[in-house]
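# Coordinates in review
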Amino acid sequence: MTSSFLRAAISNNAFWCDAVCKALGSPGEFTATLWFHRRGTPPFYPDAVTLTEADGEQTETIATLINSEKRDWAIKDSYAALDLAPLGFKLLFEAEWIGMRMPVSTASPITWQRVESAADLARWEAEWGKANGPVTQKIFTEPLLHDPEIAFLLGFEHGQPVGGGILNHHAGVVGHSNLFAEGRHGETIRRGLIAQAAELYPREPLVGYERGDELDEALRVGFELLGPLRIWLKEA
């Protein structure tokens, strides 16, 4: 049986995808089973996110979308339940939804700053870009800073940025995403984001998704597994 915690994590993630697109002036669309975007999303963001377990309507809508515009399409199969190979998709990667029911605020060896201005956002994105490689298309824009339920955070050691991430509060949970860290600071940054979430959104569970070494790190600091997901890609 699908847990309400997992459903909240998925809803939170779809909200975050839509918030990024909306801040760029082009929000997506919600149905009972899908969030999707007809015109294309920024780098690293899916064109559709499933909101419920597999049903025929999801596959039919995805088929209609990919036939409406010949371009790359990425689908976040939130329950790892779809077979999109017959539509020409290839499995890009698999990951795990994760959750922490009661984040706790603990002392951090680094100093945290919430991004509040366009100039600080540009600095945050430059630091984030060092970990993710050069990105030519704008992803994060100033309207996101005006939403009290979204927090861009940057961590400093001896006055120099060493990592950061994003928190977003929706569906009764706090999503943490876009975590980046310099060198040895990975676990410190994640623990710091947990503490920031506990302070900014008290008593709200924390969610996200990870894979590989980042998943191992998340489990070490206290996250639990909620369920698998898949990312499917269809190239133009």
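Look up a bit, the structure's there.
This section reports on the structure supplied with the text. (Residues numbered from 1 in each chain as written. Predicted model: local features only at pLDDT ≥ 70, side-chain atom pairs only at ≥ 80, totals over all residues. Heavy atoms only, no water.)

### Quick notes on unusual backbone geometry
- Positive phi is not limited to glycine here, since Phe-44 has a value of about 75°.
- Along the chain, the position of Phe-44 falls in the loop between β2 (34-36) and β3 (48-50).
- One non-glycine residue, Arg-203, adopts positive backbone phi at about 65°.
- Inspection of the secondary structure puts Arg-203 in the loop between α4 (186-200) and β10 (206-210). (Helix = DSSP H or I, 4+ residues; strand = E, 2+ residues; numbered from the N terminus.)

### Remarks on the environment of Ala-9
- As for its placement among the helices and strands, Ala-9 is situated in helix α1 (residues 4-23).
- Its relative accessible area of 1% is what places Ala-9 among the buried residues.
- Along the backbone, Ala-9 and Gly-172 are 163 residues apart, and their C-alpha atoms lie at a distance of 9.0 Å.
- Contact partners of Ala-9, with chain neighbours within four places excluded, come to Trp-97, Val-173, Val-207 and Leu-226. (Buried < 20%, exposed > 50% of the residue type's maximum accessible area, 1.4 Å probe, protein only. Contact = heavy atoms within 4.5 Å.)

### Structural notes on the side chain of Asp-47
- Checked against the element boundaries, Asp-47 lands in the loop between β2 and β3.
- Exposure remark for Asp-47: the relative accessible area of 4% places this residue in the buried category.
- Only 3.5 Å separates the side chain of Asp-47 from the side chain of Thr-41, close enough to count as a polar contact. (Polar contact = N/O pair within 3.5 Å; in protein donor to acceptor, adjacent residues only side chain to side chain.)

### Examining the pattern of salt bridges
- All chains considered together, the criterion is met by twelve salt bridges.
- Two residues, Arg-184 and Glu-157, come together in a salt bridge whose shortest N-O distance is 3.4 Å. Of the two residues, Arg-184 sits in the loop between β9 (173-181) and α4 while Glu-157 sits in strand β7 (residues 150-157), which places them 27 residues apart along the sequence.
- Given a relative accessible area of 21%, Glu-157 falls into the partly exposed group.
- It is possible to trace a salt-bridge network through shared partners that takes in Asp-47, Glu-69 and Arg-71. (Salt bridge = Lys/Arg side-chain N within 4 Å of Asp/Glu carboxyl O.)

### Remarks on the pairing of strand β8 (residues 160-170)
- Taking burial as the measure, the eleven residues of β8 include nine buried ones, the bulk of the element.
- Sheet topology note: the β7/β8 ladder contains eight bridges and is antiparallel. Pairing of Ala-151 across the sheet is with Leu-167, part of β8.
- Linkage of β7 to β8, two consecutive antiparallel strands, is achieved through a turn of two residues, within which His-158 is found at a positive phi near 55°.
- Looking at chain direction, β8 and β9 are connected through seven bridges and run antiparallel. Each bridged residue has a counterpart across the sheet, and for Asn-168 the counterpart in β9 is Gly-175. (Pairing = 2+ DSSP bridges.)

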